[in-house]
Amino acid sequence: MRVEARVRGIVQGVGFRPFIYRIALENRLVGYVRNRGDAYVEIVVDGKERDVRSFLQDLVEKKPPLARIHNVTTKHLKEEKKFRSFTIMKSSEEVELSGSVIPPDIAICNECLDEMGNPKDHRYNYFFITCTNCGPRYTVIKRLPYDRPNTTMHEFAMCDFCQNEYAAPINRRFHAQTVACQRCGPQVYLTSNDGQQINVEDPIREASRLLEDGHIVAVKGYGGFHVATSTTKSEPIAKLRTVKHRAGKPFAIMARNLETVRSFAEINTKEAELLTCHVRPIVLLKKSTDYYLSDLIAPSLHNIGVMLPYTGLHYLLFDETEEPAFVMTSANPPNEPIVTNDSRALSQLGNLVDYFLFHNRRIAQRCDDSVIRVHGENISLIRRSRGYAPAPICLRQPEDTPVLGLGAELNTTSCILFKDRAFLSQHLGDVENLETLQFQRDATDHLMRLTNCKIEAIACDLHPKFTTTILAQELGEELDLPVFQIQHHWAHAAALMAEHSLDEMISIVCDGYGYGLDGSAWGGEILDCTRKSGFQRLGHLEEQPMVGGDLATRYPLRMMAGILHGTADIEGWLLANCGCFPHGQKEVEIMFQQLGKSLVPKTTSCGRVLDAVSAVLGICYERTYEGEPAMKLESVALAGRNVVELKSITRENVIDTTSLVNEIFNQRNTFSTADLAFSTQSYIARSLALLACEKAKQLGVDVVGFSGGVAYNEHITSIIRRAVKEHGLRFVAHELVPPGDGGLSFGQALAAAWQMKA
Ligand SMILES: [Zn+2]
Ligand SMILES: [Zn+2]
Ligand SMILES: [Zn+2]
């Protein structure tokens, strides 16, 4: 019997063809296997019927750990020419319409790790040890099919040893495109900050000693450069903050191992699982009571971003040092993407670091580390990037039109929606300037090439001036495709509906800013959402003035002034505390003149209300990074109780926030800051849940979802979750894409596809 099987899924670069070869031999079959462009893996087997069946069963049941099979189609073939053996055929250059993609980067596997530590092994101490089960993928592949000449490994000709392993079907490195060793593969070297090579026997262990001594070292990794320092000494971190102009934004760290992490942070089972899985994301962990690392790593926050080593080089860095962890922050100049190119690293980072730890393999695609937070049992993706991109999100309901979504402005990603799959790009950053825009264009092109999807529509934000909106319009004209501008909060909700395969949902969407249907700033919304007819705004937080526009985002006391203007003697209080404003008394006076004229722009943003309270309580007067005042408020609230039982006040579907901020202001000397912070979050969460549940019941909808950047806040999310369940309704939150703007491109693409269908 001769059968052809086509396998779609993540089946390239994960040792799939070698696996097919092995099970074909085991089942006494002849024939061949080959990659078909980016479309699928084609297998033809010939043998006894019983053996063919057993082969097809093994195919699904014994597949390599990293392979994901989305579907297998089989058909009988006529037995024309005879096969003598089973072979792995050279990849077909033929490209057929879409489907399979290459896998994301995978952390070093235990077998490679053991070999690297074994003095008798050929790759003892070799920093770029990989096999079919591990190593970089997305960041080395330039084009498909995934074969060595199409990767940045093509510059390294294999030595005989590696070649033999590569060609031996029973070897773990059989057809491993990144196979390399000390003799033939990429080399690592240390330089001073002006690029002068420093001759040392062991550059990696030397770099580790330099870190231990308090130096700053830029380390080239899989998808870009990290800037590393000690975590126990404050001087280098302080220096890094000064030269990086990064006053308080937390730095991620890389810890030696799980046991070490336990010495300074609390880890539950879910968090331990995430830290050690093959993605190796940065996980936000609660600092423990014996936290002993420098306070400058994540100042005034209750949590810290931790990851474990994921490459051979990382493990070697920890090999001979006593340091529990190193700071490992993405090396990107302000508002620019992570640096990947060696000469650019020297020019951009030379003044920031003392040394460079380079290797001579080029990076095909930049990719930042992923970031995750765990809420009890539920995960909340903050950044879906290395280890995830470009693996698709599988949808239960396929869509007819392939759409490209381009996101909004901050934490952008691109997304290609194709039938029942959505391919999200890596984290692209804040697309506000030429560098990030170029990055988005390149990454989007790359994603289109890899997926080979022919898009038929483009989706972007409703904001007319976002760089991504302009890009969408340009692409629309270039490719002659329709452009759909999707309202920001509707896109958040659509992403959530698609994840859970819902047709209708009442959605609470809270974030910092989104362009509303009326052109004003939205951000504390309750929407009725349906696939058929889009969304309807049912209610929102009270509109509050943003005196000075964007300045009110940077200086939350301005939000407080706007909210309390006319209700409390806020002017007197601010004048007494005018030192908190960059221009002192003068600034306060001008602010109140403006407030008197009622021409001030307004916002319903939940983030801005949390910011205002953070300022009232003296927790944060200036926002130096996205989300800072609200994040610090959450950290303070952790020690609090719900002391000020504020009753939810909602008038005509508008949730009162003036009385909340007023009450907090009046009680600020009566109760502790922690209790007031706690009470604020409770009030907002309860009020939103109450209004959403009321609307759900009125409209006969049984699901309430929560999306937007505020959903990262564990306290607010858990109160909404509980309240919705108490009302007998189903609660949903994001599991597959970030609730923040990193998930928007996905929601935009879906909302556009639904609109086209309607
Ligand atoms: Zn391996
Ligand atoms: Zn070699
Ligand atoms: Zn948003």
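The structure displayed is predicted, hence computed values, not measured ones.

Criteria and cut-off values
- Residues numbered from 1 in each chain as written.
- Chains lettered and ligands numbered in written order.
- Predicted model: local features only at pLDDT ≥ 70, side-chain atom pairs only at ≥ 80, totals over all residues.
- Heavy atoms only, no water.
- Core = buried A, V, L, I, M, F, W, Y, C linked by side-chain atoms within 4.5 Å.
- Buried < 20%, exposed > 50% of the residue type's maximum accessible area, 1.4 Å probe, protein only.
- Helix = DSSP H or I, 4+ residues; strand = E, 2+ residues; numbered from the N terminus.
- Contact = heavy atoms within 4.5 Å.
- Donors = N, O, S within 2.8 Å, 3.2 Å for Na, K, Ca; no water.
- Tetrahedral: all angles 85-135°; square planar, octahedral: opposite > 155°, others 65-115°.
- Axes fitted to C-alpha atoms, helices over the stretch in contact; angles between N-to-C directions.
- Parallel < 35°, antiparallel > 145°, perpendicular 65-115°, else oblique.
- Nonpolar A, V, L, I, M, F, W, Y, C, P; charged D, E, K, R; others polar.
- Pairing = 2+ DSSP bridges.

## Observations regarding the nonpolar core
For step 1, the next point in the chain: The biggest cluster of nonpolar side chains holds 69 residues, and the ones touching the most others in it are Ile508, Ile526, Met560, Leu574, Phe706 and Ile720.
For step 2, the next point in the chain: Element by element, the count of residues in this core is highest for helix α21 (residues 673-699), at 12 residues.
For step 3, the next point in the chain: Setting aside residues up to four positions removed in sequence, Leu574 forms contacts with Leu557, Ala561, Phe581, Val588, Met591 and Phe592.
For step 4, the next point in the chain: With 66 residues, the next largest nonpolar core counts Ala5, Val7, Phe55 and Phe156 among its residues.

## A word on the coordination of the zinc ion (ligand 1)
The reference angle at a metal is 109.5 degrees if four donors form a tetrahedron and 90 or 180 degrees if six donors form an octahedron.
For step 1, the next point in the chain: Taken together, Cys109 (SG), Cys112 (SG), Cys131 (SG) and Cys134 (SG) make up the full set of protein donors to the zinc ion (ligand 1), lying 2.3 to 2.4 Å away.
For step 2, the next point in the chain: Around the zinc ion (ligand 1), the four donor atoms sit at angles spanning 104 to 117°, and that spread fits a shape best called tetrahedral.
For step 3, the next point in the chain: Read in sequence order, the donor residues for the zinc ion (ligand 1) give the motif C-x2-C-x18-C-x2-C. Cys112 shares its class with Cys109; the two are buried.

## Details of the packing of helix α15 (residues 556-564) against helix α18 (residues 606-616)
For step 1, the next point in the chain: The contact between α15 and α18 brings their axes to 7 Å, and the two run at 100°. On the basis of their axis angle, the class for α15 and α18 is roughly perpendicular. Here α15 contributes Pro556, Leu557, Met559, Met560 and Ile563 to the contact with α18, which in turn contributes Arg608, Asp611, Ala612, Ala615 and Val616.
For step 2, the next point in the chain: Residue classes in the contact of α15 with α18 are distributed as eight nonpolar, no polar and two charged.

## Things to note about the sheet that holds strand β4 (residues 68-76)
Whenever strands of a sheet pair, they do so through backbone hydrogen bonds, lying parallel or antiparallel.
For step 1, the next point in the chain: The strand order across the open sheet formed by five strands is β4-β1-β3-β2-β5, and the pairing between neighbours is mixed. The outermost strands of the open sheet, each flanked by one partner alone, are β4 and β5 (86-88). Pairwise comparison of adjacent strand axes, ignoring direction, gives a mean angle of 15° for this sheet.
For step 2, the next point in the chain: In the sheet, strand β1 (residues 2-10) pairs with strand β3 (residues 40-46) via six bridges, with the strands oriented antiparallel. When the bridges of β3 are listed, Arg2 appears paired with Asp46.
For step 3, the next point in the chain: Across the sheet, helix α1 (residues 16-26) touches β1, β2 (30-36), β3, β4 and β5, and the angle it forms with β5 is around 175°.

On their own, these measurements won't tell you what the molecule is for.
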